[in-house]
Amino acid sequence: MASRSTKQSGASRSAQRATAPTSSLATTLRSVTCGELTAANVGQNVILTGWVAHRRDYGKLLFIDLRDRYGLTQVVFDPERSPEAAAAHEVANSARLEYVLRIEGVVVHRLPGKENPALKTGDIEVEAQRVEILNAAKVPPFPIADHVSADEALRLRYRYLDLRRDTMRANLELRHRVVKHIRDYMDERGFLEVETPILTKSTPEGARDYLVPSRLYPGEFYALPQAPQQFKQLLMVAGIDRYFQIARCFRDEDLRADRQPEFTQLDVEMSFVGEEDVMGLIEGMLIELITSATGKRIKQTPFPRIAFDDAMERYGNDRPDLRFDLPLVSLGDTARIGSFKVFHDALDRGDVVKGLRVPGRATATRKELDELTEFAKNLGAKGLVTLALLPDGPKGPLTKFTTPDELAQITARMNGETGDLLLFVADEPKVANDVLSRLRSRMGEQLGLIDPDEVALCWVVDFPLLEVIEDNGVQRYHATHNPFSGMRPGDEPLLDTDPLAVTARQYDIVCNGYEIGGGSIRINIADLQRKVFQLLGLSEEQIVEQFGHMLEAFEFGAPPHGGIALGIDRLVMLLAGGETIRDVIVFPKMQNGQDALMRAPSPVAEEQLRDLHLRLREPERPR
C-alpha cells in the first residue's frame, strides 16, 4: 500500500492550525463522539474515546474502527507520519477488540474509493497522533455485532456487552423517544405525573403478588403493585382529575415472549369522562408517537372499533391482527349439508364448524397439509378438514360425502375461489376459535400478507363484564378484565337477574395482533362496587379487608372517572419490529424468570431471614 503521508501531507499541515470542533457532548476526555464527524470537519484536531470495534493490520498501516454509543469512526495509524504517530502506532498495535481507547488526531478525507456511504462518518477518517489505552478487555464471549448467533441466555448473562450492539442501542433509544413523547403529550394536556407507592397492600387481582416481609411487623407483608389501579382511582376522589405515571408493575405469573415479572406501563386516569374521551386521548397519542418516532405507516385512522363478539366470530380472538384480511367463517347450518359425519356430530354436540379461506394454496402438498393438521391437533383440535379448490375440481374428504351442488354451497359460504385452500375445524367454540386464529396468523406470515412497515391498530369494545370459570371444581363468576370496570348504563339491574348479560364499559387497544393496553370507565358508587365484589365470591369480611379503604373513599364523593394502562415494553417491541419484550428492556429476566446477569433469585443469609422473622422449610415433594 502506498504511503499515505505523501498523499495527505497538505491536509495534515493545515490541521495543525485548525480549530478543534465544538460538540455538545464534549467532556474533559473527548472533544467529539464517534458518530458526528463529516467532511466539514476535515483539517480539525479531535479527541475520540470509545471501544475497538474492528482492527485491520496492513503491516505499516493499522486501521481501527472506534465505536461509542453515537456511531463509528475509522482511525488510521501511520508510523511514517511523525515520531508521535510512530509511538501511537506502537501503542495501538497492542490494542484488541473491545479495548477502551482515547485517541487524538486530525480529521482527513478517506482515500478516493474508500468511502463508506453506510456511515455518517464514512467520508472521513482520523489520522492518529496520540493514543492511550484506558482499559484493556478480555475476549468477548460472543461477537459484538448486529447479527449474532449466540444463545439468548449467554447474551443475557453478559447483557452489558449485548447492549453495545447497534440493534440493542437503537431499541433503547426508541424506548427513550417513546417515553419522552408520552410525557410531553400528557403534560401538554394538563396531566400531572404522580408516583404511587411500590410497597403496598396485597389485594390479589388476577395474578400472584410478589410479597415483601416486614421487619417491624412480624408475620405481616407488603406487596409489590400489580398495577396502581386503586391509587389512581383514589386520586380521582382527591380531585387530581388528570393523572398519569410511567409505572413499574410486578406480577408473579408464568412468562411468555411478551411478559416479564416486572414491567413498565403508561398508567392514566381521568375524571368526568366517557369512553370516547379516554380512547380519543390515547388514539391521538399513538398516532403522533408512531408518526414521529418511527418510519412506520398506520393502516387506518381513526382506529376501527370492533365489538368483542364480532372479534371472536371473525378473528377467533379479542386481539385481531388487522394488517391482513383473512376472516374466519362460521358454516352454521350449512355444515349439515351432505352426510359428512364429522360436521354433523359436532353440531349435534353443540359445537361449531368454522373455516378459514387461504388464497392461492390449493396446490399445497400432502406433507404441508399433514403439517397443518398436526399443528391444529397440537393446539387441542380433534383434527383439521381440508378442501383444495383446484382447476379440475375440489379435492379433500368432503368430496366423498357431498354432491357437487352441496359442495358449491359450502364453497360459496366460505367465499372460496379456484386456487384457494379451505381449512375447517369442528370443535368446541373456544378450541375452534383458538386453532383457526393461530392458523390465520401462520398463513398471513407464509403468504407474505404482512407489511413490516405497517401498523394496524383497533379498539375492541363491548366485553362481557363477567364470565364463568371453574375454580377447584366449583364454577364461579370472574371479571373478564378487572372488578373495577363499570357497566353499560341500564345494565345495573341485570346484576341481580342475569349477570352474564352485563356489558362492561371496557376498551382494549390492539396493535398487530397484540393487546397493548386496556381500560374502562370505572364504578364510582360504593354500593354498586360492593355488589360486583359479592358476585365474584368475596365475603363481606374480605371486601372490607381488601377494599374497605376504597369503598369508604367513594362515599366521600367519587366523580365519574375512567382510565387506561398501556404496556410500554410491548408497544416498543412492536414499534421496533421485535418478537420479544426482552429485546427492549435493558436488563430483563430470562423466560424462566431468572436474572442471568445478577443470578437472581438467590439465597439470602440466615441473619436476614431472622431479622424478617422468617424460617425456610423444605418444599413439598409431589406424591
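Note: the structure precedes this text.
Residues numbered from 1 in each chain as written. Predicted model: local features only at pLDDT ≥ 70, side-chain atom pairs only at ≥ 80, totals over all residues. Heavy atoms only, no water.

## Describing the side chain of serine 520
Okay, step 1: Within the secondary structure layout, serine 520 lies in strand 23 (residues 514–521).
Okay, step 2: Here serine 520 is in contact with Ser485, Gly486, Arg505, Gln506, Tyr507, Gly562 and Gly563, once residues within four sequence places are set aside. (Helix = DSSP H or I, 4+ residues; strand = E, 2+ residues; numbered from the N terminus. Contact = heavy atoms within 4.5 Å.)

## Brief notes about the sheet that holds strand 15 (residues 385–390)
Okay, step 1: On the basis of which strands lie adjacent, the open sheet formed by five strands has the order 13-14-17-15-16 and antiparallel pairing. The outermost strands of the open sheet, each flanked by one partner alone, are strand 13 (328–330) and strand 16 (393–395). On average, adjacent strands in this sheet sit at an angle of 25° to one another, irrespective of strand direction.
Okay, step 2: Pairing of strand 15 with strand 17 (residues 421–427) involves four bridges; the strand directions are antiparallel. (Pairing = 2+ DSSP bridges. Axes fitted to C-alpha atoms, helices over the stretch in contact; angles between N-to-C directions.)

## Quick look at the pairing of strand 1 (residues 45–58)
Okay, step 1: Taken together, the seven bridges between strand 1 and strand 4 (residues 100–109) define a ladder with antiparallel strand orientation. Among the inter-strand pairings, isoleucine 47 is bridged to a residue of strand 4, identified as glutamate 104.
Okay, step 2: Joining the antiparallel neighbours strand 1 and strand 2 (residues 61–68) is a turn of two residues, in which glycine 59 adopts a positive phi near 85°.

## So, the nonpolar core
Okay, step 1: Of all hydrophobic cores here, the largest spans 44 residues; its most connected members are Leu266, Val268, Leu286, Leu457, Trp459, Ile509 and Ile564.
Okay, step 2: For this core, the element with the most residues is helix 8 (residues 275–293), which contributes nine residues.
Okay, step 3: Leave out the neighbours within four places in its chain, and tryptophan 459 touches Met279, Ile282, Glu283, Phe303, Pro304, Arg305, Ile306, Tyr507, Asp508, Ile509 and Ile564. (Core = buried A, V, L, I, M, F, W, Y, C linked by side-chain atoms within 4.5 Å. Buried < 20%, exposed > 50% of the residue type's maximum accessible area, 1.4 Å probe, protein only.)

## A few points about the packing of helix 6 (residues 166–188) against helix 17 (residues 568–576)
Okay, step 1: Contact geometry for helix 6 and helix 17: axes closest at 10 Å, N-to-C directions at 120°. The angle between the axes of helix 6 and helix 17 places the two elements in the oblique class. By crossing handedness, the relation of helix 6 to helix 17 is classed as right-handed. Contacts from Asn171, Leu174, Arg175, Val178, Val179 and Ile182 of helix 6 reach helix 17 at Ile568, Asp569, Leu571, Val572, Leu575 and Ala576.
Okay, step 2: Along the lines of polarity and charge, the residues of the contact of helix 6 with helix 17 split into nine nonpolar, one polar and two charged. (Parallel < 35°, antiparallel > 145°, perpendicular 65-115°, else oblique. Left-handed = near helix turned anticlockwise from the far one by under 90°. Nonpolar A, V, L, I, M, F, W, Y, C, P; charged D, E, K, R; others polar.)

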